[in-house]
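What follows is each chain in one-letter form.
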Amino acid sequence: MQHYLAVFIYIPLCLIFGCLGPRSAPIVPPQIITSTTSDIPKPRLLGVNYLYCIGDADTGTQSHLENRGDKFFNQPLGIASDISGNIYVADVGHHCIYMLDAEGNIVTIFGKFGWRTGEFDSPTDIAVSFVGDEFLYVVDTGNDRIQACSLTNRIFTVVAGEKSGDVTGFSRQTAIQLDAPGGIATDRNGNIYIADTGNHRMLKLNPQGRLLMAKGTFGRTQERFREPSDVAVDSRGNIYVVDAGNHRIQKFDFSGNFIEIWGEHGDQPGQFSEPRYIAIDRWDNICVVDRGNRRIQMFDTHGEFLTQFTHPDFIAPTGIAIDSNDKIYVTDISAGDIKIFHSVYR
């Protein structure tokens, strides 16, 4: 009796759990290299593909260009994207900021040549922050200042620097004097980072524009810079400074403590010639525009070389931005366009 009872119990259990049939092959997950957070694994980078180009003479209309000539861009430099897929481009030659939609059509134009608030003299870089409010930060290089624009009411204020005009909304300190600033970035807390190129230093400001950190002086040793051109911040708050004159990248923690240096002058992987701008993707891979070598190099957070990519029509690639869909936007200041690539992950 016990034997038959055991059979009647065993057979239903096997039908439920599949012990009577062959087991399916196990699913092999993609290779995991590292992790940016405790619960989101970082996939393996397979390569970077070229997609398309925007910004030739046929893009846009004459009414949009407002007598700026027959070119869409005139020396595009810094570039940024927002969470809605819009693209912002700092145009040095036109002294303005273009806001484009995801297809590259002009949405609006900010600014014109001048020194009053909301006007620019050779803007070189931009950043977008959505912490607290929606702000567009502009490196107004020729006016030695940083301006911020609320994307809600389109009102500009001055965050740091001289030639400030009317300043409202920011507790700007007169001690924050800039000399031909070149690059800007923001972090997840809304803090602002500035590559103060002419003063050979990196600055960190809080969202209200108060100075939190000033790092660096002129020199070649660690924690010194020669005309730093850009700055970026990863998901952990580490700070990466493009030490352009020394052809290298310097890395600091969120408090400004030095971590490491990589790079030297040359054309081999991990070497640079006139590095200009830097961007970090959602997986904390770091893209550096190696302008002198007409390429973009990708590294991990420790400076280990991952890959490089280029385009046969690159003349002087300079600015770079990466959106949440792994699209990489690269401005070419001499070609007057934006070439768009896509990172492929497994």
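Above this text is the structure in question.
The shown structure was predicted, so the numbers you read here are calculated from the model rather than taken from an experiment.

What counts as what
Residues numbered from 1 in each chain as written. Predicted model: local features only at pLDDT ≥ 70, side-chain atom pairs only at ≥ 80, totals over all residues. Heavy atoms only, no water. Pairing = 2+ DSSP bridges. Helix = DSSP H or I, 4+ residues; strand = E, 2+ residues; numbered from the N terminus. Axes fitted to C-alpha atoms, helices over the stretch in contact; angles between N-to-C directions. Core = buried A, V, L, I, M, F, W, Y, C linked by side-chain atoms within 4.5 Å. Buried < 20%, exposed > 50% of the residue type's maximum accessible area, 1.4 Å probe, protein only. Salt bridge = Lys/Arg side-chain N within 4 Å of Asp/Glu carboxyl O. Contact = heavy atoms within 4.5 Å.

A. Representation of the sheet that holds strand S13 (residues 211–215) within the structure. On the basis of which strands lie adjacent, the open sheet formed by four strands has the order S10-S11-S12-S13 and antiparallel pairing. Looking at which strands have only one partner, the edges of the open sheet turn out to be strand S10 (183–186) and S13. Pairs of neighbouring strands in the sheet enclose a mean axial angle of 15°, with direction left out of account. Sheet topology places strand S11 (residues 192–196) next to strand S12 (residues 201–205); five bridges connect them, and they run antiparallel. Bridged to Ile-192 within S12 is Leu-205.

B. Geometry of the nonpolar core. Formed by 19 residues in total, the largest nonpolar core has its most connected members in Ile-296, Ile-320 and Ile-328. Of all the secondary-structure elements, those providing two or more residues to this core are strand S1 (45–54), strand S18 (275–280), strand S19 (286–290), strand S20 (295–299), strand S22 (317–322), strand S23 (327–332) and strand S24 (337–345).

C. Structural view of unusual backbone geometry. A positive phi is found at Arg-154, a non-glycine position, where the angle reads about 60°. Phi angles above zero are rare outside glycine, and Glu-223 is one such case at about 70°. For Glu-223, the position within the fold is in the loop between S13 and strand S14 (230–233).

D. Geometry of the pairing of S13. As judged from the four bridges shared by S12 and S13, these two strands associate in the antiparallel manner. Within S13, the residue paired with Lys-204 across the bridge is Met-213. What sits between the antiparallel neighbours S12 and S13 is a turn of five residues, in which Gly-209 has the positive phi angle 90°.

E. How the structure looks around the pattern of salt bridges. Per the stated rule, a full pass over the model turns up 11 salt bridges. With its nearest N and O atoms 2.7 Å apart, the salt bridge here joins Arg-201 to Asp-196. Residue Arg-201 shares its accessibility class with Asp-196, and that shared class is buried. Put simply, Asp-243 and Arg-248 hold a salt bridge, and the shortest N to O gap is 2.7 Å. For the pair Asp-243 and Arg-248, a shared accessibility class is recorded, and that class is buried.

F. Molecular detail of the sheet that holds S22. Read across the sheet, four strands follow the order S1-S24-S23-S22 without closing on themselves; strand pairing throughout is antiparallel. Since the sheet does not close on itself, it has two edges, and those belong to S1 and S22, each with one partner. Pairwise comparison of adjacent strand axes, ignoring direction, gives a mean angle of 25° for this sheet.

G. Layout of the environment of Asp-179. Relative to the elements of secondary structure, Asp-179 occurs in the loop between strand S9 (156–161) and S10. Given a relative accessible area of 36%, Asp-179 falls into the partly exposed group. Setting aside residues no more than four positions away along its own chain, Asp-179 makes contact with Asp-144, Asp-196, Thr-197, Gly-198 and Asn-199.

H. A look at the side chain of Thr-186. One can find Thr-186 in strand S10. Taking relative accessible area as the criterion, Thr-186 reaches 18% and is therefore assigned buried. With near-sequence residues (within four places) excluded, Thr-186 lies in contact with Ala-127, Val-128, Ser-129, Tyr-137, Asn-191, Ile-192 and Tyr-193.

I. Inspection of the pairing of S24 at higher detail. Burial analysis of S24 places seven of its nine residues in the buried class, the great majority of the element. Where S1 lies against S24, eight bridges are found, and the strand directions are antiparallel. Across the sheet, residue Cys-53 finds its bridge partner in S24, namely Lys-339. Sheet analysis places S23 next to S24, joined by six bridges and oriented antiparallel. Bridge pairing in S24 links Asp-332 to Asp-337. Taking the residues that link successive antiparallel strands as the turn, the S23-S24 hairpin has four residues, and the phi of Gly-336 there is positive, at about 70°.

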